[in-house]
Amino acid sequence: GLGPVRMFVAAHAGCGWRSERARTVHRRVCAAACEAGMAAMRAGGDATRAAAAAVAAMEADASTNCGVGSTLNEDGFVECDASIMSTGGRFGAVGALQGIASPIAAACAVAALAEKPSPIGRVPPLLLVGEGAHALAVACGVPPVEPSALISADALRRHERHRLLLESDRSAPRGLPAGISAPGREACGAGDGCGALDTVGAIAIDSAGQMSAAVSSGGIALKRAGRVGQAAVFGAGCFILDPSQNRPAVAACTTGTGEHIIRTDLARAAARHAQEHGAGGMEQFLAADFLGQLPGVPDCIGGVMLAVLDGDRIDCAVAHTGPSMVAACMGPADARPRMLEAAQAEEAVGRAVAVAAAGLRAAR
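Everything in this summary refers to the structure shown in the same document.

What counts and what doesn't
Residues numbered from 1 in each chain as written. Predicted model: local features only at pLDDT ≥ 70, side-chain atom pairs only at ≥ 80, totals over all residues. Heavy atoms only, no water. Helix = DSSP H or I, 4+ residues; strand = E, 2+ residues; numbered from the N terminus. Buried < 20%, exposed > 50% of the residue type's maximum accessible area, 1.4 Å probe, protein only. Contact = heavy atoms within 4.5 Å. Areas by Shrake-Rupley, 256 points an atom, 1.4 Å probe, with all protein chains shown as cover. Salt bridge = Lys/Arg side-chain N within 4 Å of Asp/Glu carboxyl O. Polar contact = N/O pair within 3.5 Å; in protein donor to acceptor, adjacent residues only side chain to side chain. Pairing = 2+ DSSP bridges. Axes fitted to C-alpha atoms, helices over the stretch in contact; angles between N-to-C directions. Left-handed = near helix turned anticlockwise from the far one by under 90°. Nonpolar A, V, L, I, M, F, W, Y, C, P; charged D, E, K, R; others polar. 1 Å grid on protein atoms, 1.4 Å probe; cavity = no way out; pocket = protein on both sides within 12 Å on 5 of 7 lines; lining within 4 Å. Points joined across faces, edges and corners; volume = space filled by probe spheres on them. Core = buried A, V, L, I, M, F, W, Y, C linked by side-chain atoms within 4.5 Å. Patch = residues over 30% accessible without salt bridge, like charges linked within 9 Å, V, L, I, M, F, W, Y side chains within 5 Å. Arc of directions from axis to C-beta. Expected span 1.5 Å × (residues − 1).

Quick look at the overall build of the protein chain
Then step 1. Helix and strand counts for the protein chain come out as eight helices and 14 strands.
Then step 2. The buried share of the protein chain, taken over its 364 residues, is 57%.
Then step 3. The contacts in the protein chain between residues at least 6 apart in sequence include a share of 70% that link residues at least 24 apart.
Then step 4. Of the roughly 13,800 Å² that the protein chain leaves accessible, carbon and sulfur atoms contribute 52%.

Shown next as structure tokens:
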């Protein structure tokens, strides 16, 4: 076991097609994200700061589809979505954001608006998009960057491959994370490392038992400018359920095809299911409440990472309908994060559910 802990961090690098080299890269990325979140709490930060720090670490790594190195939109620019939710319902999100290397920092700036009551009673926003999100982020001290600084060489190569697929009148991108249909994955980057990947996420629990979940995404390949995915949508990208009536607290974050996830309100639905049935029922939940709610939808890709805090126990699980998902979790007594990985055969993608889980004791 992991032994008694007071704090907890989990991070995942999204669902997607991964070579073995890419799995190795994302194990490192998830481990570093957990360590960044834990370092934030050891320095006095709360769960919100820890979840944001874990996601920010992934945004700074060009191997992920968030922040630097994200998938490009149809105009060839990085345009990101992100959100964060914490105990008590505090929430903030940004969508279609350009020119900011850490979208999660911008989402935190939106969430912080709720802590500054307006003298005239103006209701603070939950979500800001485009230029409005950029302006708030910069006003709150989030450094802007030139849009070109967010474009990695790998993302540009993938973008050119996507354009060639369309121009050659082959199958248009459909629903896999990063918008690549299964037959086209070799042509779209899976062979040279990280192929079609999607939203990253992190969950943190601090010493006071407060929880936070955060997500960040560059969205699907060749998306239309201004498209907003589930990473910015309340109830779809991340969700927190506070404890009530002897039911545990739950944090959840999602990854996969945003349009499918929004239609099923996946983060909120997963959190509610886990609060009733625990973290162990995610395979049945995704089969019934995700795949079962989207009959006839091809390449139906969705994934969930969640943590259930029940008394002195934390249960963490990842479950998804994609090809692979790499995650890690960590308590303060751990010398290194432990990995959570779930993968399945290509013929099962979009039709079956893969699951991985871990449990630990949380000292009170």
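Picking up where we left off.
Notes on the pattern of salt bridges
Then step 1. As enumerated under the stated definition, the model contains 10 salt bridges in all.
Then step 2. A salt bridge links D265 to R268; the shortest N-O distance between them is 2.8 Å.
Then step 3. Judged by its relative accessible area of 24%, D265 is partly exposed.
Then step 4. Within the structure, one salt-bridge network assembled from shared partners comprises E20, R23, R27 and E341.

Thoughts on the environment of R351
Then step 1. In this structure, R351 sits in the loop between strand 13 (338-343) and strand 14 (354-361).
Then step 2. Expressed as a C-alpha distance, the spacing of R351 and P298, which sit 53 residues apart in the sequence, is 9.0 Å.
Then step 3. At 3.3 Å, the side chain of R351 and the backbone oxygen of V349 are in polar contact.

Describing the pairing of strand 12 (residues 324-330)
Then step 1. Counting buried positions along strand 12 yields seven of seven residues, so the element is predominantly enclosed.
Then step 2. Because side chains alternate across strand 12, one face comprises the buried residues S324, V326, A328 and M330, and the other comprises M325, A327 and C329, equally buried.
Then step 3. As paired strands, strand 12 and strand 13 are joined by six bridges and run antiparallel to one another. Pairing of A328 across the sheet is with M339, part of strand 13.

Description of the packing of helix 1 (residues 20-42) against helix 2 (residues 47-59)
Then step 1. Two elements in contact, helix 1 and helix 2, have axes whose closest approach is 7 Å; the angle formed by their N-to-C orientations is 145 degrees. The chirality of how helix 1 crosses helix 2 is right-handed. Residues V29, A33, A36, G37, A40 and M41 of helix 1 form the contact with helix 2, whose own contacting residues are R49, A50, A53, A54, A57 and M58.
Then step 2. Grouping the constituent residues of the contact of helix 1 with helix 2 by class yields 10 nonpolar, one polar and one charged.

Observations concerning empty space enclosed by the protein
Then step 1. Summed over all chains, the structure comprises two cavities of 30 Å³ or more.
Then step 2. Counted as a void, the largest cavity has a volume near 40 Å³.
Then step 3. Along its surface, the largest cavity is lined by T48, I84, M85, S86, R90, F91, C108 and A111.
Then step 4. Listing elements by their share of the lining of the largest cavity, those giving two or more residues are strand 2 (80-86), strand 3 (90-97) and helix 3 (103-112).
Then step 5. Counting residues per element, the lining of the largest cavity draws most heavily on strand 2, at three residues.

Section: the nonpolar core
One recurring pattern in soluble globular proteins: nonpolar side chains tend to sit buried together.
Then step 1. In terms of nonpolar packing, the biggest core is built from 60 residues, with F8, M211, L286, F290, M305, L306 and L340 touching the most fellow members.
Then step 2. When residues in this core are grouped by element, the largest group, six residues, is from strand 10 (residues 302-310).
Then step 3. Core analysis: the next-biggest nonpolar cluster, separate from the first, contains 42 residues, A50, A51, A111 and A328 among them.

Focus: unusual backbone geometry
Then step 1. Here the phi dihedral of A96 falls at roughly 50 degrees; this positive angle occurs in a residue that is not glycine.
Then step 2. A positive phi angle is found at Q245, which is not glycine, with a value near 50 degrees.
Then step 3. Along the polypeptide, Q245 turns up in the loop between strand 8 (238-241) and strand 9 (249-256).

Looking at a nonpolar patch on the surface
Then step 1. Together, L126, L127, V129 and F234 make up a nonpolar patch on the protein surface, roughly 310 Å² of accessible area in all.
Then step 2. Judged by relative accessible area, V129 falls into the partly exposed class, the value being 42%.

Structural notes on helix 8 (residues 282-289)
Then step 1. Taken residue by residue, helix 8 has M282, F285 and L286 as its buried positions. Down the axis, helix 8 shows its buried residues gathered within 95 degrees of arc, on one side only.
Then step 2. Each element contacted by the buried residues of helix 8 is listed here: helix 7 (266-277), strand 10 and strand 11 (313-320).

Examining helix 1
Helical periodicity: at 3.6 residues per turn, an α-helix aligns residues three or four positions apart in one direction.
Then step 1. The first and last C-alpha atoms of helix 1 sit 33 Å apart over 23 residues, in line with the 33 Å expected at 1.5 Å per residue.
Then step 2. All buried positions along helix 1 are accounted for by A22, V25, H26, V29, C30, A31, A33, C34, G37, M38, A40 and M41.
Then step 3. Looking one or two places after helix 1, you find G44, whose phi comes out positive at around 105 degrees.

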